[in-house]
Amino acid sequence: MPMKMGWRWYGEGNDPVTLSDIKQIPGVTSIVWALHNKMPGEIWEIDEIQKVADQIHAYGFDMDVVESVNVHDDIKIGLPTRDKYIENYKQCIRNLSKFGVKVICYNFMPIFDWTRTDLFHPVGDGSTALFYEKDKIKGDYKSMAEYIMSFTEKYNMTFPGWEPERMAKLDELFKAYAPVTKEKLWENLKYFLEALMPTCRECDIKMAIHMDDPPWDIFGLPRLLVDAESIDRFLSMVDDEYNCLTLCSGSLNANPNNNVAEIVRKHCDRIAFAHIRNIHHFPNGDFSEAAHRDCCGETGIIEILRAYHDCGFEGYIRPDHGRQLWEEGPGSCRPGYGKYDRALGIQYMLGVWDLLDRLDEEKKKG
Ligand code: CS2
Ligand code: MN
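A short tour of the structure in this document, coming up. Predicted model only: the values in this text are computed from it and were never measured. (Residues numbered from 1 in each chain as written. Chains lettered and ligands numbered in written order. Predicted model: local features only at pLDDT ≥ 70, side-chain atom pairs only at ≥ 80, totals over all residues.)

So, the environment of Thr 18
Here is step 1: Residue position: Thr 18 is located in the loop between β1 (4-8) and α1 (19-23).
Here is step 2: Look at Thr 18 and you get partly exposed, because 13 C-beta atoms sit within 10 Å.
Here is step 3: Separated by 321 residues in sequence, Thr 18 and Lys 339 place their C-alpha atoms 9.3 Å apart. (Helix = DSSP H or I, 4+ residues; strand = E, 2+ residues; numbered from the N terminus. Buried ≥ 20, exposed ≤ 12 C-beta atoms within 10 Å, placed from the backbone.)

Next up, the structure:
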């Protein structure tokens, strides 16, 4: 079983799920981590990384995957100051390499990371899940941002990509991004990656871009990694084994026309990190996140796992968002990152994977 199962952990005192909890989930070997107190553009210092490394290693996990080292807006906008922030990013890569980090997940979405209109939407069975109501993402971005930020204030919880310092100057940010067309954003992404590739090679760290979530423009902001065609463009634009994907099944499948299994088969060697999340679609274009079991959504989880298995995927994989179950709710768990549903998701994924392993073995024996 060559793929490596990860769990996203927000750090001691910043995540209700503890390393000791995670240790009890069969199959998890990698902690997907980050320094969550860092602003985009800051250098991650050795002593800060060391502190987290000690915690993770004490439980016998590896810390091979970072999610995320966030990219400063000046790099995405293409301002002259970007070179300074790119130098800082290179220094982060060098510092992370001292701890054996292999993959850095990041995104190149303007202003907003993942976007949802309800973080605790009733699924119908007593659990709740992240929900996207299409009509609420029209018009004013402020009410959407205020909704997300209300959790930050109420529960003293910050979300990566939704830093209060950045959200406080949303109007300024929108002005700064105004000249950034989709083509310009592609250029800025290319500039960033070409600058990083030599350092990545030197440090043996792969840059793995996360898909845009949702995979379409929102509030007039361009989004790049949205479908098979844009993924092709991205990989050939900087055709380097260190320029890779974080292929997020849930982000891509928010557009039901995207066939994630097909993308896996085409680009498996460039997928450094797999996010497995299931989506349930409504006829009007709204969508809800769903349990990992194939039949709970329309993402095609079994076909995706089978594609990874057929390709001999040796990268990292993790359950992406789960639902909030049982006593989990606002304040007691991070939206999408509760304890139970992700643990169930892992057991489901490993069940499918183990069976595929077994079938292969039997085929070999004849
Ligand atoms: C993650 C993303 O929680 C999530 O939806 O999959 O936020 C992801 O961590 C970032 O886009 C990567 O930079
Ligand atoms: Mn994801």
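Focus: helix α2 (residues 46-58)
Structurally, the α-helix is built with 3.6 residues per turn, so residues lying three or four positions apart point the same way.
Here is step 1: Across its 13 residues, α2 extends 18 Å between first and last C-alpha, which sits within 8% of the 18 Å expected from 1.5 Å per residue.
Here is step 2: Taken residue by residue, α2 has Ile 49, Val 52 and Ile 56 as its buried positions. Taken down its axis, α2 places every buried residue within 70° of arc, on the same side. Away from its buried face by more than 90 degrees, α2 exposes Asp 47, Asp 54 and Ala 58.
Here is step 3: Against the buried residues of α2 lie α1, β2 (28-33), β3 (62-67) and α4 (82-97).
Here is step 4: Once α2 finishes, Gly 60 follows within two positions and takes phi at roughly 80°, a positive value. (Expected span 1.5 Å × (residues − 1). Arc of directions from axis to C-beta. Contact = placed C-beta atoms within 7 Å.)

Topic: the packing of helix α9 (residues 228-237) against helix α11 (residues 260-267)
Here is step 1: The N-to-C vectors of α9 and α11 enclose an angle of 20°; their axes lie 11 Å apart at closest approach. With respect to each other, α9 and α11 are oriented roughly parallel. Pair α9 / α11 crosses with right-handed handedness. Contact residues: α9 offers Ala 228, Ile 231 and Leu 235, while α11 offers Glu 262, Ile 263 and His 267.
Here is step 2: Partitioned by chemical class, the residues of the contact of α9 with α11 number four nonpolar, one polar and one charged. (Axes fitted to C-alpha atoms, helices over the stretch in contact; angles between N-to-C directions. Parallel < 35°, antiparallel > 145°, perpendicular 65-115°, else oblique. Left-handed = near helix turned anticlockwise from the far one by under 90°. Nonpolar A, V, L, I, M, F, W, Y, C, P; charged D, E, K, R; others polar.)

Some remarks on helix α13 (residues 340-365)
Here is step 1: Between its terminal C-alpha atoms α13 stretches 38 Å, which fits the 38 Å expected from 26 residues at 1.5 Å a residue.
Here is step 2: Among the residues of α13, Asp 341, Arg 342, Ala 343, Gly 345, Ile 346, Tyr 348, Met 349, Leu 350 and Trp 353 are the ones counted as buried.
Here is step 3: Within two residues after α13, Gly 366 carries a phi angle of roughly 85°, on the positive side.

With respect to the sheet that holds strand β11 (residues 287-290)
Here is step 1: Sheet architecture is open: four strands sit in the order β5-β6-β11-β10, paired in antiparallel fashion. For this open sheet the edge positions go to β5 (118-122) and β10 (278-281), each flanked by a neighbour on one side alone. Ignoring strand direction, the axes of neighbouring strands in this sheet form an average angle of 40°.
Here is step 2: As paired strands, β10 and β11 are joined by four bridges and run antiparallel to one another. Pairing of Asn 278 across the sheet is with Ala 290, part of β11. (Pairing = 2+ DSSP bridges.)

Regarding unusual backbone geometry
Here is step 1: A cis geometry characterises the amide bond from Glu 67 onward to Ser 68, with omega recorded as -5°.
Here is step 2: With respect to the secondary-structure elements, Ser 68 resides in the loop between β3 and α3 (73-77).
Here is step 3: Cis geometry is adopted by the peptide bond preceding Pro 214, which originates at Asp 213 and carries an omega value of 0°.
Here is step 4: Position of Pro 214 relative to the elements: it lies in the loop between β7 (206-210) and α9.
Here is step 5: Even without being a glycine, Asn 156 presents a positive backbone phi close to 55°.
Here is step 6: Turning to its location among the elements, Asn 156 is positioned in the loop between α5 (141-155) and α6 (164-167).
Here is step 7: On the basis of neighbour count, Asn 156 is assigned to the exposed category, with 9 C-beta atoms found within 10 Å.
Here is step 8: The phi angle at Trp 326 is positive, at roughly 50°, despite the residue not being glycine.

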